Amino acid sequence: MVATPIGNLADFSERGREALAAADCIAAEDTRHSGKLLAHFGIKQPLISYHDHSGGRTREKLLQMLRDGASVALISDAGTPTISDPGYALVKAAREEGIEVLPIPGPSALIAALSVSGLPTDRFAFAGFLPAAQSARRKRIEELRDEAATWILYESSHRVLDCVDDLIAVLGEERRIFIAREMTKQFESHFLGSLDQAASWLRADANHLKGEFVLVLAGHQAKPGEDERLPEALRIVTLLKDDLPLKKSAAIAAKITGLRKNDIYRAAVQK
Ligand code: SAM
């Protein structure tokens, strides 16, 4: 598994280049895209197009080469293979057969963004790309809302604003976010602030909406005083419980007290 640059070609490691030059074959997500990278470094090894979803035939062909003792390097368009990129199914199949899989580590957008975010790095969760459809996207954000660790998303230029708007709708305006745009490239820019400020920053300049994005979200932190409002929320739930389902009562109690619906629901169930 050979990591390749996420923008700046100078980030390609010597070991990565050597591994590609020494491989019997290079499996690539997009042979045209990777062809340019390889040409730049004068690497002429045969290229095979590989996608986890392109059917098992190529995978079987690569596995057979590996069984025969050949060395196969896998690269993706950018960064570390298998991270929101092809490769997982091949690695899994190889491991199941006891075939050795070695990492040639290097750039990955999520680690690069996290490392400069200024948000806690001791615990983090990678959530990849959110669904394209708004309802599914909001549902996924709801699932992530109570995550205490820092969490990281990948996003494309044409959806980043919608995504931030949905983050505001579910998490509120105050949650902290770090945006890493076009890392290692000419027009790299960063933003750290509240979700509300992030939406303004993105709207302030059309250039802020161009390129590739990583969004790093602060984990959920219980607000001081939150527990003090819980008895009142539970009293409301108790008053409503004969007339409404628990979920609905919790939603109303959440609106009145400002607590989160799920917290009230959980506390009511545990009561
Ligand atoms: N495998 C790659 C890695 O290890 O980072 C990620 C591949 S994923 C298909 C591509 C996404 O990664 C982009 O849509 C963007 O969210 C993020 N990304 C890749 N390069 C980036 C860069 N230079 N700056 C900001 N985000 C980047």
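Residues numbered from 1 in each chain as written. Predicted model: local features only at pLDDT ≥ 70, side-chain atom pairs only at ≥ 80, totals over all residues. Heavy atoms only, no water.

In terms of nonpolar packing, the biggest core is built from 25 residues, with Leu153, Leu167, Ile177, Ile179, Leu215 and Leu217 touching the most fellow members. Within the residue set of this core, elements represented by two or more residues are helix 6 (134-144), strand 5 (150-156), helix 7 (160-171), strand 6 (176-181), helix 8 (195-204) and strand 8 (212-217). Among the elements that take part in this core, helix 7 stands out by supplying eight residues, more than any other. Among the nonpolar cores identified, the runner-up in size contains 15 residues, and Met1, Val91, Ala94 and Ile99 belong to it. (Core = buried A, V, L, I, M, F, W, Y, C linked by side-chain atoms within 4.5 Å. Buried < 20%, exposed > 50% of the residue type's maximum accessible area, 1.4 Å probe, protein only. Helix = DSSP H or I, 4+ residues; strand = E, 2+ residues; numbered from the N terminus.)

Right, let's get into the domain arrangement of the protein chain. On domain assignment, one finds that the protein chain holds domain 1 (9-96), domain 2 (109-217) and domain 3 (230-270). Taking only C-alpha atoms into account, the centre of domain 1 sits 53 Å from that of domain 3. (Domains from an automatic or database assignment.)

To continue, consider the sheet that holds strand 3 (residues 72-75). Pairing in this open sheet of three strands is parallel, and the strands run 2-1-3 from one edge to the other. Among the strands making up the open sheet, the edge pair consists of strand 2 (47-49) and strand 3. With strand direction ignored, the average angle separating the axes of adjacent strands in the sheet is 30°. Pairing geometry for strand 1 (residues 25-28) and strand 3, over four bridges, is parallel. The residue of strand 3 that forms the bridge with Ile26 is Ala73. (Pairing = 2+ DSSP bridges. Axes fitted to C-alpha atoms, helices over the stretch in contact; angles between N-to-C directions.)

Quick look at the site of the ligand now. Taken together, the neighbourhood of the ligand is formed by 19 residues, with Asp85, Ser108, Ala109, Tyr154 and Phe213 sitting nearest. Residue Ile83 places a main-chain N or O atom 2.8 Å away from a nitrogen atom belonging to the ligand. Between an oxygen atom of the ligand and a main-chain N or O atom of Phe213, the distance comes to 2.5 Å. With the chains in place, 92% of the 570 Å² that the ligand exposes on its own is no longer accessible. Going through the elements one at a time, strand 5 and strand 8 are the ones with two or more residues in the shell around the ligand. When residues of the shell around the ligand are assigned to their parent elements, the largest contribution, three residues, is made by strand 8. When residues of the shell around the ligand are sorted by domain, at least three fall in each of domain 1 (9-96) and domain 2 (109-217). (Near = heavy atom within 4 Å. Polar contact = N/O pair within 3.5 Å; in protein donor to acceptor, adjacent residues only side chain to side chain. Areas by Shrake-Rupley, 256 points an atom, 1.4 Å probe, with all protein chains shown as cover.)

Let us now look at the sheet that holds strand 6. The strand order across the open sheet formed by five strands is 4-5-8-6-7, and the pairing between neighbours is mixed. Only two strands of the sheet have a single neighbouring strand rather than two, namely strand 4 (124-129) and strand 7 (189-194). Averaged over neighbouring strand pairs, the angle between their axes works out to 15° when direction is ignored. Where strand 6 meets strand 7, six bridges bridge the pair, whose relative direction is antiparallel. Across the sheet, residue Ile179 finds its bridge partner in strand 7, namely Phe191.

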